[in-house]
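Fold and geometry: a report
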Amino acid sequence: MATAKAVSYRSQEKHTSQTSQSFKTSTSTTKRKFKSSDEDFASITPPKLITADVSSSHISSQKQSSSSESSDTVRKKTSRAWKKEVGKTTLFGNDLQKLEEGLSRATNYMLMTTDRKALRQIAEERAQEAKDFIELCSARPASFDIPLRPHTVWERMAVKLACVVQGSPLPDAKWYKDGIQIRPSITPGKYRIQNKYGLHSLEIARCDLDDSGEYSITVSNAYGESTSYANVLVNSYEGTYAGADEEKFPTAMLETEADFAKVFLPSFPQELESYFLSCTFSSPLPKYQQNVQWFRNGMPLKESKWLQMEQTQQSTFLIFPSVHKEDEGLYTIRIPTLTGYKEHSAYVFVRDAEVSTAGVPGSPLDVKCHDVNKDYLFLSWSPPSTDGETNIIGYYVERCEAGTNQWLMCNDRPVKECKFPVGHLTPGHAYQFRVRAVNQRGMSHPSKVTKPVTMVDPKEADRTMVIPLDDMKTITVTKDELEAEVTVPLPPTNVHAAEKKDSYVVLCWDEPVPRGREPLTYLIEKSLHGSKSWQLANMDIPVHSPRFVVSDLAEGKQYSFRVRAENKHGISEPSLPSEPISLGKISAPLPPPKKVVAYRDTKTSAVVRWDKLKDADDCLGYYVYCCECGTNDWKTVNNKPVTSDSLTVPGLTTGKKYIFHVKSVSPAGLSKPSQDSEPIIVNAAIAPPSAPYCFVLLYCGKNEMIVGWRAPQFRGGAAILGYFLDQLNVSEGEWHSFNDNPLPKTVCKVGNLKEGQFYRFRACAVNLAGVGKMSSPSDEFICEEWTMAQPGPPFDVRYTEVRSTSLMLHWDPPFYTGKSAVTGYFVEVCEMGKEEWKPVNKNAVSGTHLKIPNLETGKGYSFRVRAVNSAGVGEPSAPSDPVLAETRPGTKEIEVDVDEDGFIFFSFETPDLSDSSEFIWSKDYEDLADSDRVKMESDGNRSKLILTNPSEQDLGTYSVEVTETDGISSSHTLTPEELEKLLARSHEIRNPLIKLISGWNIDILEKGEVRLWLQVEPLSPDAQIKLIFNETPMSSTPTRQIKYDKPKGLVEIIITDFSRKDEGSYTAQIQDGKPKNQFTLVLIDDKFKDVLDRSDFQRKEWKRKQGPHFLEYLKWTVTEECEILFTCKITNTRKDTQFKWFKDGKQLKDGQCDFQTGACSLLLKEFTKNTEGVYKATVSDARGEDVSELNLTGKGLEDLIREICRVSALTAGPLKIQSTAEGIKLYSVLKCYVDDLKTTWFHKEKKLDSSQRIKIGSSPTQVWMHIGNPTEADKGKYTLELFDGKEKHKRTLDLSGQAFADAMAEYQRLKQAAFAEKNRARIEQGLPDVATIMEDKTLILTCSVSGDPAPEVSWLKNEKPLPVERCEVSIKGKIVTLTIKQVTGEDSGMYELLVKNKHGSESVKVTVSVYKHGEEPLEAHKLALGQSGKAL
């Protein structure tokens, strides 16, 4: 306790002393005032009134009352003392007054600053005192509360060592293994060291046998050191053979543990496309395995908008919505297991995206933001692996405010290096960036967009301090609170160039201290070095950060820069000028790496290594390129620079030869390519084989055993040379080597054993690469003689020819046959994931192979075999390795063909082949190595089995296996039918014939010549050709010209005057070296007559065409108007040429002919009976005459009528409705109608015939049907079918609904009108128009009337009723008579008879003229005119 008090007193005393010194400093400080850049600095010394006595008095008062008075009280007292001393001095003039005011402001500022610093120092000292006191009280050496404990784990498990450590101060810890310090950076991913609140842990991932040893942790502090030890033992785990107990590893859990079923392979997705990696498990994931993890280049992956993860019970997916080059790398999937975890890895290479313009560069990648300030940041990126067709000129940087999609260009000119400063940004805003490469062809796709970056002051956090106090309390203090009130800011300091490039300079400076509370902006001035003229560099661009990019500098000149700070109170004095600054030089690309070497890796990949560059801090990585030898087609391997010194190149073709080179990547671009590596043939690298497995006991005697095992699954790319076997007598517990020289087979007879003892065995395989791993020990086998009657187990159950639905199973017979010979075998099958074994064959097979059909594609199977003898079925063999029923991609089958020498051969080609692989051929699954009926040839990855003397003895199944591969094999069954075809082809090849391309052909030439020709395959110049006619050799004559074109294989005979003497056979015998053939043309009887007729016709045609002739013969067409148009075309005419038309020998005058075009025509307006006849056209002149005839009788006339019918039917319009007084009429209008056009009417698909009620008829332009007295039953669909002799043309009408109602209404109206018209009053036999009569004669006017009812009759004279005194009107039946006796002149006039009834009326007029005796009667028409005029 006394010690604590002493420490506290000393701290207070120290604090008081420092406070006193602070006040002394503050009161004696002079203020420096900055003037213009061309003026010197001036110092103003305060008057004597600022003395040390004043400071002493205040320090004394502070020392006496520091615990009770605040800093405000101290400041007030100091201010009052200052004013008191200032009041004692009298100053004169404005200058002195200004000086006093300046001194007063400066003193107040310095006092305030000193006070704040003193308070801050007091707080810090108090906190340090409390911390020192606590540490002094709690000081203790490092020790272990809970030490390490030992662990025993299985191989591939993870183990975690942990301990709890105490000590004050907190101790440091170091981990050791076997005395050597563990450094996780040396073996990344192997060790993980953590310290959480005193809990120290060391986690070892995937332990192997080398991780066994003594682990220790040493902890130490200032008061002591302590160490804890623990042993870790790693055991080899091999399932049940390692003795896994059921309590720790329940059988159910081991059986259901999922493994990888289908995994992802190295892939090459294209940039910007969607892509996913998937992995399928062998069974649903149990709970303890569902924590599936994905890694890229060893770093765990998390979901984001660029990366999505999906998982089901039996599969998992890693999804890239849009893959980018940044996604390239080594991907690993890891699933937990009971013994650690399982993982699978494969490399994903991202190819460049497709471009719309050929030759543009690839997109840049890895765009990163550095040195982020309020309005400035620095971008860097990696160049693309390909420049395109021309070199990259530079890069364009684009920016976009977060949340928008408006991209703006940041640079006007391409920047040449892969870095660029971006200024003039808005403080507080978030931005995203991307970069494009550009060459002479155009711009690339943009790079991947950066994450949003917010523009903030990076030093803002440094301006805040948290001070811990007692009782776990804290005080947060900012620099703004500790600094005094700053009005006009102080000038910045340390102006220098942070980055100098060939096109810009990045200026950097320190902000003024104190900065003040107001936000600052900066003004940058520049000047040519040596000049005193300063210019503003940032013009109207506000600068908020202590960074500025200057891009308008001249090359080769030096500049000086200075900076002014500005806030709302004003602008500071300029800073000190910078050192002379000039533009930098263009950075050169790095040199390429050296010693590029390629090594074999797998069948489709190679490993490329190189020496990394030394002292190349700006190296971003390396690009690798590959090229198939002889092509000069260089392809990019990786589109993301690798930082290591090696890369595995996948996707290569097995057996092809490749070369590689590497380029260095830096901000300046890509280097030149390195020297090409030595060519390498792609194939699997040779390595020691894996361990043998599956030991079985095949036979046991009294003191001997026959032990078998399976060859290693991985043979290291080379043939197994043999095996070394170890044996162990379990009772002795010591392993002994059995053989010194390698055993050639997987079966060994071990003797000198002790009966009744248990033995275990193990083995290792050896190849050219060395001795492989030792196998796990076998089960314990007891040495007791076998005496059972049944046979022992067969062994080496294996399969070949694995396809989607079948495979071929093989096995070796048992060594122990029992009491009798083995008579056959039974095969059993078990599906993966099940335990039930099912029989495959009901009857035993005698051979040691069996075709297994009807497998389910995609399922896994295991097989085992039992031997059978007369005593029964023996023990089963060891199960075969699981096999998946599927046809591997790229699987090829055996091809059967005949070679150029006529030999029948079987051929097999495989893409997967190692250096030690061999082709093993067999017939009916028996080795053919010693057979004299076949010959084997192999060349690279292709092998041939040739039948030396093929016959029926060679029928059977031929199979081939390729050793040192993943079971590549195939078979083919040679059937009798196939052998027959192959023998025929073999005979053709061994006895070659000249191939015929085109047999004998006969052509008739223009003048009637006959051309006989044939064509064979191209012949050599030495080929011999012999022509024979009727067994007589032919030679070329003027009438029989013979021509040969050997390069084309053409033989021809031209007979100029073909006649009866040319009838016979023509034979061509051709021999060209060994191949030969002959071809015969038999030209007799009908065939000859046909050729002769054709020749004569062509000869006549040629002669005909020497004068005017028909180019197109006479033909007819029917127009749309049903007119008949005869046309022809003549040619070779002249002025005296005449053209005439004839019909039945009589010349027609109506035809037309245009001699210029040669078109001639004759038009018949309509078709009549006179149309029938023979039409002829002639054209003639002095050179000759040509005739064209057209017979329009018989069949010709029938064709014409049929065409007229067709055209007429096509012109038929739609059906229409017409109502009549008798019913409804349906009709269709045609342009023309002929009787040969058959018409049929249908009602509701029922044919209608003409009847009393339904009338069917036609007219020249109409086809109709009339329905009398229509009823409701007449509703429905009506169809008119027009048949032109070949085709049917239909017109339909739906007579129902409103259409029927309208038609019926109109029909009723017309019917009533017709009835009224029929029964109305009418005058049937009328009166004469004029009647002339002499005086005193009797006038009688008589007419007949009708009507129902009987009409009323009345007479008028001059439109007035007729007086009845002298007139007599009589009506007898229908006869009406008007009688006037002794007529006089007064009786002359216009008489009118009017009849009427309820249906209508009718009238008739007559003009009566009475003339006197001795006068001439007036002419009738004059009388009528006179009467009319009188009436008017």
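Structural notes, computed from the coordinates. Quick caveat: nothing in here was measured; it's all calculated off a predicted structure. (Residues numbered from 1 in each chain as written. Predicted model: local features only at pLDDT ≥ 70, side-chain atom pairs only at ≥ 80, totals over all residues. Heavy atoms only, no water.)

1. Considering a nonpolar patch on the surface
- Judged by side-chain polarity, Ile 686, Leu 721 and Leu 768 come together as a nonpolar surface patch covering roughly 310 Å² of accessible area.
- Along the chain, Ile 686 falls in the loop between strand 44 (680-681) and strand 45 (693-700). (Patch = residues over 30% accessible without salt bridge, like charges linked within 9 Å, V, L, I, M, F, W, Y side chains within 5 Å. Areas by Shrake-Rupley, 256 points an atom, 1.4 Å probe, with all protein chains shown as cover. Salt bridge = Lys/Arg side-chain N within 4 Å of Asp/Glu carboxyl O. Helix = DSSP H or I, 4+ residues; strand = E, 2+ residues; numbered from the N terminus.)

2. Quick look at the nonpolar core
- Of all hydrophobic cores here, the largest spans 49 residues; its most connected members are Phe 1126, Phe 1139 and Trp 1141.
- Broken down by element, this core gets its largest block of residues, seven residues, from helix 9 (residues 1195-1210). (Core = buried A, V, L, I, M, F, W, Y, C linked by side-chain atoms within 4.5 Å. Buried < 20%, exposed > 50% of the residue type's maximum accessible area, 1.4 Å probe, protein only.)

3. Observations concerning the sheet that holds strand 16 (residues 308-311)
- One open sheet accounts for four strands, arranged 12-13-17-16; its pairing is antiparallel. Edge positions in the open sheet fall to strand 12 (260-262) and strand 16, since each of these has one partner strand only. Across the sheet, the mean angle from the axis of one strand to that of its neighbour is 25°, orientation sign disregarded.
- Here strand 13 (residues 275-281) pairs with strand 17 (residues 315-320) via six bridges, running antiparallel. Each residue of the ladder has a partner; that of Leu 277, found in strand 17, is Leu 318. (Pairing = 2+ DSSP bridges. Axes fitted to C-alpha atoms, helices over the stretch in contact; angles between N-to-C directions.)

4. Structural notes on the pattern of salt bridges
- Taken as a whole and assessed by the stated rule, the structure comprises 63 salt bridges.
- Among the salt bridges present, the one from Lys 749 reaches Glu 704, with a minimum N-O distance of 3.4 Å. In this pair, Lys 749 sits in strand 49 (residues 747-750) while Glu 704 sits in the loop between strand 45 and strand 46 (705-710), placing the two residues 45 residues apart along the sequence.
- For the salt bridge of Glu 895 with Arg 942, the shortest nitrogen-to-oxygen distance reads 4.0 Å. Of this pair, Glu 895 sits in strand 61 (residues 895-898) while Arg 942 sits in strand 66 (residues 942-947), and the two are 47 residues apart along the sequence.
- Relative accessible area serves as the criterion here: at 31%, Arg 942 is assigned to the partly exposed category.

5. Comments concerning the pairing of strand 37 (residues 594-602)
- Two strands pair when backbone bridges link them, and strand 37 and strand 38 (residues 605-611) are joined in this way by six bridges, in the antiparallel orientation. Bridge assignment links Arg 600 to a residue of strand 38, and that residue is Ala 606.
- Connecting strand 37 to the next strand, strand 38, in antiparallel fashion are two residues.

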